[in-house]
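Per-entry structural report
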Amino acid sequence: MHGLREFEGADHLIVHSAQSLVAVDWPILQHAPDSLTLELGPPGLGKVLATNVTLDSAWVVEPKSKRILLAREGEFDSIDPGGRVANQKIKVTGLPRGAFASSVNPDGVHVLLVVTRVINPDFANFAVVMADLTTGQLIREATIGAGVDLELLWDAPFRTWVIGDTSRGGLWRWDGQKPALRLAAPQGTPVHAATFASSPEGVMVSALFTEKTGATGLVTGRAELDRVIWTPPVVLPGLPVLVARRHPTLARWACLAQEGTRQQVQVRDTAGKVLAETDVRPGVYLDNLLWSTFSSNLLWCSGIRALATATLSE
Amino acid sequence: MANEMGRNVPNTIGQAPITFAMIELADPADCNSRKSQWRAYGFKDVTPTFGAQSTVPTIDGSMTANGRAMMQQMAGVSADWFMISGHHGALYHSDYDSYTTDGQPCNEDHTNLDWDALYNGEQYCGFFNESYHETYWSYAKRDHHDPSGNATGATAAAVANAVYLRTTDAAPSSIAPPEQDNAVFDTTAWAPEPKGIIVSACNTLSYKAARKAWSGYFPNAVIIGTTCCINLGTQVTNAIAAAAMTNQQFWRDPQSVLDQDGMCVQLMKQLNTSYSTITIGLLYKKKFYEPSNDPQDVE
């Protein structure tokens, strides 16, 4: 399983499973017997929405129409997960094969994509392009060249894209026209993983680093127009934390921690204090966390062969 | 906090501990991902100095001195699996000039480059860090290999921090002055052969000379690497993780899986389902498996 998004509520999921996009209802998975290994279609559970979907066919759910925009070479597949409207092709001149991440702005007109830039026979990195779905034109950003995974977001307060460096915690801000502006990563801390979240106050950066003592530290920041306002780092006591993702509206962080075979999902506050935690069952391996956009207490926990939820309760 | 955290608990009672060691020369996300998965299986990280940490440091900048000391110690480490990650390519960028179709230096678009000649003919390749990339690799030539000149500041620091690990025969010191030792190669002087090696970078199995070296040093290990340029190492670890065959049993004893008829081809196919633009190959028992060709003998 390579990715998931909620669709029309937290019970309805679109899952990238193997080489397909599959619509599946969470209660069916949630209430399956413990002894059963479930396979998502085809030929398993769920309704197949698209096939031949690879990790470099980026997809996103357009918020207004609720359609999936799936990047293909030279076009997008526009898919209605509910099946009410026929699938469409949206031609985009020059859209290359291989799009590794995507994001769509609120009006559904522009899609930002991470694509490959080949430098020479032994080097390639990531570049960013923007597709205009109304004109079918592709606009290339000229300055970004990244050898790290990038997260893409629309920053509503500033009406720009944010392109986040998930290895160092820096970011670029791009208005789709002028060259992107580089906003520096936190200084003096060797960051090993960073995540980015859109919040009502703007884009929030969460960057993890390893203290000299071996403990994990978390430094967070809010992206202003031309700089990031960083807060002093906090130590995260307990198992080393591998992933920290901020809640989209609340100052709390979902953390995936691991020591040896033991994994733990935690929710922490601004000071790094654990508000809630639960151990992952032995034999299950998770590698990512995603806050629900429909339920503020729900957290999706995923691995390449596992999907789980954690629910915060009083 | 209620939870619903999965099922299927593997029985590991009585199973031998599996060990691994890692060298990271660039973005550590791929090593961190693989380390986390292996530790979740109960495997032990025996990387000197850094093994007890939850994450894998990049050997560059302020970590260079510690990293060099670690690699010296690693030559004395026996592990079931090794993983090396970083940049990988020809000794210098200027080496491309020897493989052009028109006898001219390689142009910016590489349209005059004979790619097959490069990959089949280049004698000297290696892993390297960003400091090597931005100094020796970008500016040195075989007959003029001092990239620093009278450089000061950041350039001089990058020259001092440059790390290169050969994946072919070593280039003569007359054309390549930096250390070229590959600690994983050096383990063959005394240690039992590992079960396998992941080589996570661009073109790690594209160059014929590199395939020959890996197969020569480790004829019975499975070596998983790339046959193309990649954007970052997590594309390798993602492709490996997504292959149905790479379950815990595979990591514990890949030979028992791959010695069965057709299983090398099956693994190679599974490694190539995740991306449409990335290709992964493997070496096993002196044969090379890649998506675009039938299995070939490694000469």
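Computed from a prediction, not measured in an experiment: that's the story for all the values here.

On to the overall build of chain A, then. Along the backbone of chain A there are 1 helix and 28 strands. Its C-alpha radius of gyration of 19 Å places chain A within 12% of the 20 Å reference for a compact globule of 314 residues. Its C-alpha atoms give chain A principal-axis dimensions of about 50 × 50 × 40 Å. Of all 314 residues assigned to chain A, the portion counted as buried reaches 45%. When contacts within chain A are restricted to residue pairs at least 6 apart in sequence, long-range pairs at least 24 apart make up 39% of them.

Residues and elements named next belong to chain B. If you check which residues of helix 11 (residues 263-271) are buried, you get C264, L267, M268 and L271. Down the axis, helix 11 shows its buried residues gathered within 100° of arc, on one side only. Of the surrounding elements, those touching the buried residues of helix 11 are helix 8 (234-242), helix 10 (254-258), strand 10 (280-284) and strand 11 (287-290).

Residues and elements named next belong to chain A. With antiparallel pairing, the 4 strands of this open sheet are ordered in space as 1-2-3-4. Two strands lie at the open edges of the sheet, namely strand 1 (3-6) and strand 4 (47-50), each paired on one side alone. Between one strand axis and the next, the sheet turns by 30° as a mean value, whatever way the strands run. Bridge count between strand 1 and strand 2 (residues 12-17): 4 bridges; the pairing is antiparallel. Following the sheet pairing, L4 is matched in strand 2 by V15.

Here we come to the confidence of the model for chain B. All names here are of chain B. When pLDDT is averaged along chain B, the result is 93, and 93% of the positions lie at 70 or above. Below a pLDDT of 50 lies the segment residues 2-9, which in the model reaches 24 contacts outside its immediate sequence neighbourhood of four places, other chains included. Interface confidence in the predicted complex, given as ipTM, is 0.91; pTM for the same model is 0.93.

Let's shift gears to the interface of chain B and chain A. Taken together, the contacts link 48 residues of chain B with 51 residues of chain A. Mapped onto the side of chain B that touches chain A, the elements with two or more residues apiece are strand 1 (2-4), helix 1 (29-40), strand 5 (87-90), helix 3 (115-121) and helix 8 of chain B. Residue composition of the side of chain B that touches chain A, grouped by class: 21 nonpolar, 23 polar and 4 charged.

Cut-off values and rules
- Residues numbered from 1 in each chain as written.
- Chains lettered and ligands numbered in written order.
- Predicted model: local features only at pLDDT ≥ 70, side-chain atom pairs only at ≥ 80, totals over all residues.
- Helix = DSSP H or I, 4+ residues; strand = E, 2+ residues; numbered from the N terminus.
- Rg over C-alpha atoms; globule rule 2.2 N^0.38 Å.
- Buried ≥ 20, exposed ≤ 12 C-beta atoms within 10 Å, placed from the backbone.
- Contact = placed C-beta atoms within 7 Å.
- Arc of directions from axis to C-beta.
- Pairing = 2+ DSSP bridges.
- Axes fitted to C-alpha atoms, helices over the stretch in contact; angles between N-to-C directions.
- pLDDT = per-residue confidence, 0-100.
- Nonpolar A, V, L, I, M, F, W, Y, C, P; charged D, E, K, R; others polar.

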